[in-house]
Structure formats: C-alpha cells, structure tokens
Amino acid sequence: MSWLEALVLGIVQGLTEYLPVSSSGHLAIGSALFGIKGEENLAFTIVVHVATVLSTLVVLWKEIEWIFRGLFKFQMNSETRYALNILVSMIPIGIVGVFFKDKVEAIFGSGLLIVGCMLLVTAALLAFSYYAKPRQKTAISMKDAFIIGLSQACAVLPGLSRSGTTIATGLLLGNNKAKLAQFSFLMVIPPILGEALLDVLKLVKGEDIAGDIPTLSLVVGFVAAFLSGCLACRWMINIVKKGKLIYFAIYCAIAGFVTIACILMK
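Residues numbered from 1 in each chain as written. Predicted model: local features only at pLDDT ≥ 70, side-chain atom pairs only at ≥ 80, totals over all residues. Heavy atoms only, no water.

Engineer: Any chance you could explain the overall build of the chain here in plain terms?
Structural biologist: Scanning the chain for helices and strands turns up 13 helices and zero strands. Tracing the chain from N to C terminus, the helices and strands come up as α-α-α-α-α-α-α-α-α-α-α-α-α. For the chain, contacts bridging at least 24 residues in sequence account for 81% of all contacts bridging at least 6. Here the chain displays about 13300 Å² of accessible surface, and carbon together with sulfur accounts for 72% of that area. (Helix = DSSP H or I, 4+ residues; strand = E, 2+ residues; numbered from the N terminus. Contact = heavy atoms within 4.5 Å. Areas by Shrake-Rupley, 256 points an atom, 1.4 Å probe, with all protein chains shown as cover.)

Here it is, written out as structure tokens:
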C-alpha cells in the first residue's frame, strides 16, 4: 500500500465512519480497487478506525467530560444514567466480538457482493426512518439503548452502516435527533478501543497483524482519517438535526446497485 492509497482510504474512512454510508463497505470497495488484500488491509482498517475514534473524542469532548464529571459524583444522576445506557448498548456488540469474531472476519473477506446487498439494506433503513414519524421522546431509555446496541451489532456486516443503522433505529424508536447522533457516536468508542487493545496485545505476543504495510502508509492513513473524521462528525450531527438522511439513502441505493452490477458483469 502506497502513501497515496493510504491517504485516499484514510479520507474515505474518516468521512464514511460518521456519514451513514458504511465505512467498512467503502473501505472494502476502495481496497478492491487498489488491489489491497489480506493482512495489509486488516492492519490498515484497525489504524484508521482508531483514528476516527480519537476524532470523536475531540469533537464530543464536552459531552465526554460532562459524563465523567457526573460519574465521579458517585450518585445516580443524568450523567450516570447516560453512561449506563452506553454500557447497555455495548452488550450485543460485546457478545458478537467474543463469540462470533472469526465468523465476522470471514464475512469481511467474502467479497463485494455482500457489501452491495448491505448497502441496499442501509438505504432501506434510512428511507424508512425518514418517512416514519413516531412520537418524540425526551430521553434515550435503557431499553432503547439496548435495541440501538442490537442494531450496532448487526452493523458489523460490511456495507451495513453503523451510524446509519443506529441512528435510523433510534429515530424509529422516537428518540430526539440531536441527542441520538451524539449517543450513536459515543457508544462506538469503547468497542473500537477494546478491539484496538486486543490487537496491541497480539503485537506484544509477537503476532504479526501489520503484514508488509509501510509505516509511512499507516501514519498517513491515520492522520487523514482523523482530520476527515473531525469534519464529518460535526457535519453529521447537523445533518441528523435537520433530518436530511434521505439523500444518503439514495446514495447508498445507487452505490449498492452499482457494486452488485459490477460483480455480476464480471
């Protein structure tokens, strides 16, 4: 992987992690176009995902600080309830990570056909949440947090947008648009950091997960994903507030059909 390819894929990851168009799907498509496969792709994917998590920490630092200040009061307050909701939302993805990690990784290597199909599912979810008009709730409940967590667990499939799936699920449950976008971005921080920690432990044990990818490519990809992620995170929060997800549904539908058509015409 050259530094230029890393730059392009890093920008793609940073933008698509927050925009509801599937970062994993776009990385798979981009990697296929550049001919990047195997361990090289896996190592790069880990690096750029960590970069986008750090961009979330930067953009939503005030909200994160608010949660921790409330937690250290050691009482049941709104901050503690918010943190508990995040923990509850992590249960489904934790179960998938512990018991089905190998199967998920096998799916990621199964080609672009599943990416195209899941992009169509993402389009359907976004369109449905756009036209549905449930009664608005004042706060995200623990039950809703778990259901949103289930949707995040399903979104490990390449092409099924994590942000799109969680936000669409929350909207269908009647949650506030502005609060939902922040919750969707905050709830992904612990799982991705946990995955990164496991990979660091593999390196400590001597397992080679980086393959032959140059250090410069990893650094360029990391910086590109971080900077584009900061921009996309702020942008996406405003988009959700304005309720303009239908445009992304159209994009995902077109991208899905084009991907499937290219596979079938080979």
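Engineer: Just to check I follow, could you spell out the packing of aromatic side chains for this structure?
Structural biologist: Remark: the centre distance and the inter-plane angle together describe each pair of aromatic rings, the angle taken between the planes. Within the structure shown, the criterion is met by three aromatic pairs. Here the aromatic residues Trp66, Tyr82 and Phe183 are joined through ring pairs into a cluster of three or more. (Phe/Tyr/Trp six-rings, centres within 6.5 Å; stacked < 30°, edge-to-face > 60°.)

Engineer: It is not clear to me how a nonpolar patch on the surface should be interpreted in this structure. Could you clarify?
Structural biologist: Among the surface-exposed residues, Ile91, Ile95, Val98, Phe99, Phe100, Phe146 and Leu150 lie close enough to one another that they form a single nonpolar patch of about 670 Å² accessible area. Counting only elements with at least two residues in the nonpolar patch, the list comes to helix H5 (78–99) and helix H8 (142–154). Residue contributions to the nonpolar patch peak at four residues, all from H5. Accessibility expressed as a relative area gives 33% for Phe146, which makes it partly exposed. (Patch = residues over 30% accessible without salt bridge, like charges linked within 9 Å, V, L, I, M, F, W, Y side chains within 5 Å. Salt bridge = Lys/Arg side-chain N within 4 Å of Asp/Glu carboxyl O. Buried < 20%, exposed > 50% of the residue type's maximum accessible area, 1.4 Å probe, protein only.)

Engineer: What am I meant to see in the pattern of salt bridges here?
Structural biologist: Where charged atoms from two side chains of opposite charge come close, those side chains can pair. Counted under the stated rule, the structure contains one salt bridge. For Lys137, the salt bridge identified is with Asp144, shortest N-O distance 2.7 Å. With relative accessibility at 33%, the residue Lys137 sits in the partly exposed group. Owing to a relative accessible area of 3%, Asp144 belongs among the buried residues under this scheme.

Engineer: Looking at this structure, how should I read helix H7 (residues 113–131)?
Structural biologist: Note: α-helices contain 3.6 residues per turn, so residues at a spacing of three or four share the same orientation. The terminal C-alpha atoms of H7, which comprises 19 residues, lie 28 Å apart, in line with the 27 Å expected from a rise of 1.5 Å per residue. Of the residues making up H7, those classed as buried are Val115, Gly116, Met118, Leu119, Thr122, Ala123, Leu126 and Ser129. Viewed end-on, H7 has its buried residues packed into an arc of 165°, placing them on one side of the element. Opposite the buried face of H7, at more than 90 degrees from it, the exposed residues are Phe128 and Tyr131. Among the structural elements, helix H2 (23–34), helix H9 (162–172) and helix H13 (246–264) are those in contact with the buried residues of H7. (Expected span 1.5 Å × (residues − 1). Arc of directions from axis to C-beta.)

Engineer: Where do I start with the packing of H5 against helix H10 (residues 177–186) in this structure?
Structural biologist: For any two helices packed against each other, one specifies the crossing angle of their axes together with the interaxial distance. With their axes 10 Å apart at the nearest point, H5 and H10 run at an angle of 55° to one another. When the axes of H5 and H10 are compared, the pair comes out oblique. Relative to H10, H5 is oriented so that their crossing is right-handed. Residues Tyr82, Asn85, Ile86 and Ser89 of H5 lie in contact with H10, whose contacting residues are Lys179, Gln182, Phe183 and Leu186. In terms of residue class, the contact of H5 with H10 is built from four nonpolar, three polar and one charged. (Axes fitted to C-alpha atoms, helices over the stretch in contact; angles between N-to-C directions. Parallel < 35°, antiparallel > 145°, perpendicular 65-115°, else oblique. Left-handed = near helix turned anticlockwise from the far one by under 90°. Nonpolar A, V, L, I, M, F, W, Y, C, P; charged D, E, K, R; others polar.)

Engineer: Would you mind showing me how to read helix H12 (residues 215–242) here?
Structural biologist: The first and last C-alpha atoms of H12 sit 40 Å apart over 28 residues, in line with the 40 Å expected at 1.5 Å per residue. One or two residues past the end of H12 sits Gly243, with phi positive at roughly 70°.

Engineer: It is not clear to me how the confidence of the model for the chain should be interpreted in this structure. Could you clarify?
Structural biologist: Low pLDDT means the predicted coordinates in that region are not meant to be read closely. Per-residue confidence for the chain averages 82 on the pLDDT scale, and 88% of its residues sit at or above 70. Predicted confidence in the chain is weakest over helix H6 (residues 101–108), with a mean pLDDT of 67, and strongest over H8, with 92. (pLDDT = per-residue confidence, 0-100.)

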